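Spelled out, the chains give:
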Amino acid sequence: MSLYDDAVLVLKGYEGQPELREVYLEHLAAHPDGMYKPCGAGHLTSSALVIDPARGRVLLTLHKKLGMWLQMGGHCEEGDPTVEAAALREAAEESGITGLTLLPGGPVRLDRHPIPAPCHWHLDVQYAVLAPADAVAQISEESLDLRWYAYDEVAGVADTSVVRLLEGTLARL
């Protein structure tokens, strides 16, 4: 199965945000190349909130280009077998943490946001990953900083999309 086919199946099975889910599915139907960065009309991305439920905290990255505290994530790559695998890969690469495991249940949320030209949109499929008890984060080339935040601190540093992702993740826990 291709990454494109996996994305369509994941989105068809996702029961939240029906209107936005349809936007994603319509985009993929109109753009067979809509999984990857070269698609100028926009493309799917995959992200994951790194969470440590035992300590009541999440790991956020200070994004190098945007200067914002965000969850880990980014572009799908040719070698990614699934959208879920892309989220897990991005979380591990950007956090430096080994042994991350996906929170069961598929995507937590979808978030569509504009990006600068030459592309137009990121259609983000958002997951959550659980950090092992002994997790040690390491800053990647894509980050200015990494920091653990208590759940109640997230709204003070991150935008609404991250806050909603945290709320959805906590509801699933």
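Given the structure is predicted, the values throughout are model-derived calculations rather than measurements.

We now examine the overall build of the protein chain. Counting its secondary structure elements, the protein chain contains five helices and eight strands. The helix and strand sequence of the protein chain, counted from the amino end, reads α-α-β-β-β-β-α-β-β-β-β-α-α. Principal-axis analysis of the C-alpha atoms places the extent of the protein chain at approximately 45 × 30 × 30 Å. In the protein chain, buried positions account for 46% of the 173 residues. For the protein chain, long-range pairs separated by at least 24 residues make up 68% of all intrachain contacts whose partners lie at least 6 apart in sequence. Total accessible area on the protein chain is roughly 8,400 Å²; 55% of this is exposed by carbon and sulfur atoms. Charged side chains in the protein chain number 13 positive and 25 negative. The centres of these two groups are separated by 3 Å.

Attention now moves to the state of the cysteines. Tallied over the full model, the rule gives zero disulfides. Residue C76 stays outside any disulfide, its sulfur separated by 12 Å from that of C39, the closest cysteine.

With that settled, the discussion passes to the pattern of salt bridges. The final tally for this structure, using the stated rule, is eight salt bridges. Linking R89 and E93 is a salt bridge whose minimum nitrogen-to-oxygen distance equals 3.3 Å. Within this pair, R89 and its partner E93 are both found in helix α3 (residues 83-95), separated by four residues, close to a single helical turn. A salt bridge links R147 to D145; the shortest N-O distance between them is 2.8 Å. Because the salt bridges share partners, they merge into one network encompassing E77, D80, R89, E90 and E93.

Moving on, we come to the environment of E26. Within the fold, E26 resides in helix α2 (residues 18-30). Spatially, the C-alpha atoms of E26 and V8 are 10.0 Å apart, while their sequence positions differ by 18 residues.

Turning next to α2. For α2, built from 13 residues, the straight-helix expectation of 18 Å at 1.5 Å per residue is met to within 8% by its first-to-last C-alpha distance of 18 Å. All of the buried residues along α2 are R21, Y24, L25, H27 and L28. Looking straight down α2, one finds that the buried residues subtend no more than 155 degrees of arc, so they occupy a single side. Of the exposed residues in α2, those oriented more than 90 degrees away from the buried face are E19, E26, A29 and A30.

Within the fold, L144 resides in strand β8 (residues 143-150). Assessed through its relative accessible area of 48%, L144 is described here as partly exposed. In this structure the C-alpha to C-alpha distance between L144 and E15, which are 129 residues apart in sequence, comes to 35 Å. Those residues within four positions of L144 in sequence are excluded, and the remaining contacts are L62, H63, K64 and I139.

Our focus in this paragraph is the packing of aromatic side chains. On inspection of all chains with the given rule, the structure shows one aromatic pair. Seen from their ring centres, W69 and Y149 are 5.3 Å apart, and the 80 degrees between their planes marks the pair as edge-to-face. Placement of the pair is W69 in strand β3 (residues 69-70) and Y149 in strand β8, with a sequence separation of 80 residues. Take W69 and Y149: they sit in the same class, and that class is buried. The lysine or arginine in question, R57, covers the ring of W148, its NZ or CZ lying 3.9 Å from the ring centre.

Reading the values: the criteria
Residues numbered from 1 in each chain as written. Predicted model: local features only at pLDDT ≥ 70, side-chain atom pairs only at ≥ 80, totals over all residues. Heavy atoms only, no water. Helix = DSSP H or I, 4+ residues; strand = E, 2+ residues; numbered from the N terminus. Buried < 20%, exposed > 50% of the residue type's maximum accessible area, 1.4 Å probe, protein only. Contact = heavy atoms within 4.5 Å. Areas by Shrake-Rupley, 256 points an atom, 1.4 Å probe, with all protein chains shown as cover. Lys, Arg positive; Asp, Glu negative; His and termini not counted. Charge placed at Lys NZ, Arg CZ, Asp CG, Glu CD. Disulfide = S-S within 2.5 Å. Salt bridge = Lys/Arg side-chain N within 4 Å of Asp/Glu carboxyl O. Expected span 1.5 Å × (residues − 1). Arc of directions from axis to C-beta. Phe/Tyr/Trp six-rings, centres within 6.5 Å; stacked < 30°, edge-to-face > 60°. Lys NZ or Arg CZ within 6 Å of the ring centre and 35° of its normal.

The quantities given are spatial measurements derived from coordinates; they are silent on function.
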